[in-house]
Amino acid sequence: MKYDFFEIEKKWQKIWEETKPYATREDPAKEKFFALIEFPYPSGVGLHVGHARPYTAMDVVARKKRMMGYNVLFPMGYDAFGLPTENYAIKNHIHPKIVTANNVNTFRKQLKELGYSFDWDREINTTDPAYFKWTQWIFLQLYKNGLAYKAKMPVNWCTSCKCVLANEEVVDGVCERCGSPVIRKEKSQWMLRITKYADRLIDDLDGLDFIDRVKTQQINWIGRSHGAEVNFRTTLDDTITVYTTRPDTLFGATYMVLSPEHALVEKWMDRLENADEVKAYQAQAAAKSDMERTELNKDKTGVELKGVRGINPVNGKDIPIFISDYVLATYGTGAIMAVPAHDTRDWEFAKKFDLPIIEVISGGNVEEAAFTDVETGILCNSGFLNGLSVAEAKEKIIAWLSENKLGEAKVNFKLRDWVFSRQRYWGEPIPIVHCPKCGTVPLDESQLPLLLPDVESYEPTDDGESPLAPITDWVNTTCPCCGSDAKRETDTMPQWAGSSWYYLRYMDPHNDNALASKEALAYWSPVDWYNGGMEHTTLHLLYSRFWHKFLYDIGVVPTKEPYKKRTSHGMILGEGGIKMSKSRGNVINPSDVIREFGADTMRTYIMFIGDFEKPAAWSTNAVKGCKRFLDRVWNLQEMCSDSMEYSAKNETLMHKTIRKVTQDIDELKMNTAISAMMTLVNEMYVNGCTKGELKTLLLLLSPFAPHLVEQMWENLGFALETGKMASLNEWPTWIEEKTVDASVEMAVQILGKLRGTVKVPVDSEQDAVMAAINADEKLVKYIEGKQIFKVILVRNKLINLIVK
RNA sequence: GCGGGAGUGCUGGAAUAGGCAGACAGGCAGGCUUGAGGUGCCUGUGUCCAACCAUAGACGUGUGGGUUCAAGUCCCAUCUCCCGCACCA
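Residues numbered from 1 in each chain as written. Chains lettered and ligands numbered in written order. Predicted model: local features only at pLDDT ≥ 70, side-chain atom pairs only at ≥ 80, totals over all residues. Heavy atoms only, no water.

### What about unusual backbone geometry?
- Along the chain, Leu448 connects to Pro449 via a cis peptide bond; the corresponding omega equals 0°.
- With respect to the helices and strands, Pro449 occurs in the loop between β22 (439-442) and α13 (472-475).
- Omega for the bond connecting Ser525 with Pro526 falls within 30 degrees of zero, at -15°, which places this linkage in the cis form.
- Inspection of the secondary structure puts Pro526 in the loop between α16 (518-524) and β25 (529-531).
- Look at Asp354: it is not a glycine, yet its phi comes out positive at around 55°.
- Examined against the element boundaries, Asp354 turns out to sit in the loop between α11 (344-353) and β17 (361-362).
- Of the residues examined, Asp354 reaches a relative accessible area of 70% and is grouped as exposed.
- With a phi close to 50°, Asn381 is a non-glycine residue in the positive phi region.
- One can find Asn381 in the loop between β18 (378-379) and α12 (390-403). (Helix = DSSP H or I, 4+ residues; strand = E, 2+ residues; numbered from the N terminus. Buried < 20%, exposed > 50% of the residue type's maximum accessible area, 1.4 Å probe, protein only.)

Encoded structure:
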């Protein structure tokens, strides 16, 4: 009987389609397990092997948990709003709704071909009005709670997408999606107050089982720092408030720097002796792109404001004030006190402009370089702070500043509020009306969902207006508040809106009265294990944690955090380790692999390919190795004996393999789990195998190669015997004592060098091992006539004889 | 620049509370099977030296030191690569 993967896979996929063995319901009697993978953006090119890696891994985890008796929720859906679909629709004159439907069908078909154990009854789609009704509903709650607001401010504008971007979407000065340059544009935008949650988004990471690089990346992005705000008077009788993390160095502040955009510069302009020079510098700074402003090792530039001086509050000295673009308008107060002796950037600036450098922390040589060590330095030249450590001085100076009303302790963040509007068609309409009398008015919840107008043309505009703006039928409406003529908000939500809460919808996907029922939320929350890409760490993952915390605050969800555990997979590269891309023509389509080798081989290979967290290169040759393995498993059904026991020869290895596979799956070490099963199969070819052994092997293999296993399960009569598919049976267990062999091979070292091995009963003591060595001619040669003066015995592993 | 991770055969990768390096695959070579083969099975495969056979021996986890009976694993130094942050005061 040949392993006909094509027929077998077709047969079982049909059975799963019809009998829905993986559909889930709340069951308080069983412990739940919610396994989540990032739902795909259904692009036109179809599923990529890159999807198959995390999806298969979590399918293996979900299947194993199910067999261990958990009530497993493992759902799938589509994150279908977004630019590529819209662009494709514009280019080909097809409505994005139709493009989306077609793409979703392709994705669904491909996902089914891979045999994933999703609960298909819970499939969701962010573009479905029944879904985005609740996305809009959440927006209204944010608005009502003061967390959504409209503000005019300079924003990131992608020149190619013709759309604003959130800070998180700008990578190295270019659009993270299309790579086009991003410019600054003054626009009125909807913003979400994520900064209000900055502290909690950092602090609550503590209790979570997230891989470290995710935690540190989020912490870096939020960028919390502790310091103080200090007020400096000026000779023109204004106050400049600066933010500093080093208030202890206040005595060393020898000049000040404002960002070129700082409001006081305009105020003083008329009274400055060098106003022309200052204006020129401002113009120059404004013309620079983000790229240029953050360029590496850039020379410090700046202009002194002549005619005004700052006054150091701690010693009354007057010091010069500069403007320079190394001070950012958007961080802190947009102004700094410069302490060249103890800050690298200030030091460079001071050297260039020949400004005094006053040492206030001893321990370095401030003529050579800024001394920034906060651990060992001791305060000097600092009046009442002299002799203190940096930490002590910070505390004392902040107390002094507060007492004298000159400043206070302050925490600052790099995180900015989330720019939430997009000037594109294919997104959720923002459910807001602008009324000339009442101002900004939210739609009533009963009016949701607010649908997109069905229109012919929705191309983005160059002037930065939404394509919805000219659609007067849709835009013109009445005010929900006073009934007078009003206009709808025409911007749409960013792609990240729908994905910020989708995991909640899976818990109760067809609910018309709430985003999910209280009961479903109580039973399934939180997500137990969420795997996804590192590229989403400071986007989707951060956004959804923010939304979840907000929903928690208003009593909608029962947990503070959405995800208990977060892991991340490495990228799949093309043959030879080069990135897969259409232009290189090295893209692997999973459907092609399935046609040639079968879904089970595809699944097994993508798990065997290497360390899950690291990038891995595709190799068609190596795929064949996994096909061979499955062929060999298939052929065991004709070789096995009828016994349902483990044979003496295989028993220990059986128990070891169960233990290894069980433990490795939980740690995502799928490659070694598979290699353990390969080793077992190799041994079965040497020792023969029993039907009982094969039954266990099939259960262990079923998360990886479900189709093949179900067919063999049926062929061998286990389906009849248990009345259940293999994947619904219990996960095998091992007995720890039986994982130990009766006898072990121990390494024999003489003077630390391996000279041979001896076979001894397990747990042999020194005498027994020495007896075995003395019985071995070859080993005896090394010790005869010599004196053994030290013996190191590592039980069951090794013996080292120190001889002379 | 700062922070984190990683360097192991021809290739992907195993093995770290210090204890037989190279599991498991791929590739290659040889043999058997087959009408045929991206078939199946067997054997070999880190380097050097020696060799008719049989058998030894030395070296070996980026590089250089160190600790230890024993180091891929620990310590110090150094090189390379990858990732994150990057004028955030």
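From this point, things continue past the structure.
### A closer look at the sheet that holds β22
- Here four strands make up an open sheet; going across it, the order is β22-β21-β24-β23 and the pairing antiparallel. Looking at which strands have only one partner, the edges of the open sheet turn out to be β22 and β23 (476-478). Averaged over all neighbouring strand pairs, the angle between strand axes comes to 45°, with direction disregarded.
- Where strand β21 (residues 432-435) and β22 come together, four bridges link them in antiparallel fashion. Considered in β22, the bridge of Ile432 is made with Pro442. (Pairing = 2+ DSSP bridges. Axes fitted to C-alpha atoms, helices over the stretch in contact; angles between N-to-C directions.)

### Topic: the nonpolar core
- Counting 170 residues, the largest nonpolar core has Trp418, Trp547, Trp618, Leu701, Phe704 and Leu708 as its most contacted members.
- Leave out the neighbours within four places in its chain, and Trp418 touches Ala166, Trp190, Met191, Leu192, Ile194, Pro494, Trp496, Ser500, Tyr543, Phe546 and Trp547.
- Listed in part, the 54 residues of the second largest apolar core include Ile321, Ala338, Val360 and Val366. (Core = buried A, V, L, I, M, F, W, Y, C linked by side-chain atoms within 4.5 Å. Contact = heavy atoms within 4.5 Å.)

### Observations regarding the side chain of Glu561
- Within the secondary structure, Glu561 is located in the loop between α17 (540-553) and β26 (565-567).
- Classification of Glu561 as buried rests on a relative accessible area of 9%.
- Side-chain polar atoms of Glu561 contact the side chain of Lys549, separated by 2.9 Å.
- When residues no more than four places from it in sequence are discounted, the contact partners of Glu561 are Asp204, Leu208, Pro526, Arg545, His548 and Lys549. (Polar contact = N/O pair within 3.5 Å; in protein donor to acceptor, adjacent residues only side chain to side chain.)

### Digging into the pattern of salt bridges
- This model, assessed by the stated rule, comprises 45 salt bridges.
- Salt-bridge contacts for Arg108 lead to Glu123; the nearest nitrogen and oxygen are separated by 2.8 Å. Linking Arg108 in helix α4 (residues 96-113) with Glu123 in the loop between α4 and β4 (124-125), this pair joins segments that are 15 residues apart in sequence.
- Taking relative accessible area as the criterion, Glu123 reaches 24% and is therefore assigned partly exposed.
- One salt bridge connects Asp343 with Arg345, and the closest N-O pair in it is separated by 2.5 Å.
- For Arg345, a relative accessible area of 47% puts it in the partly exposed group. (Salt bridge = Lys/Arg side-chain N within 4 Å of Asp/Glu carboxyl O.)

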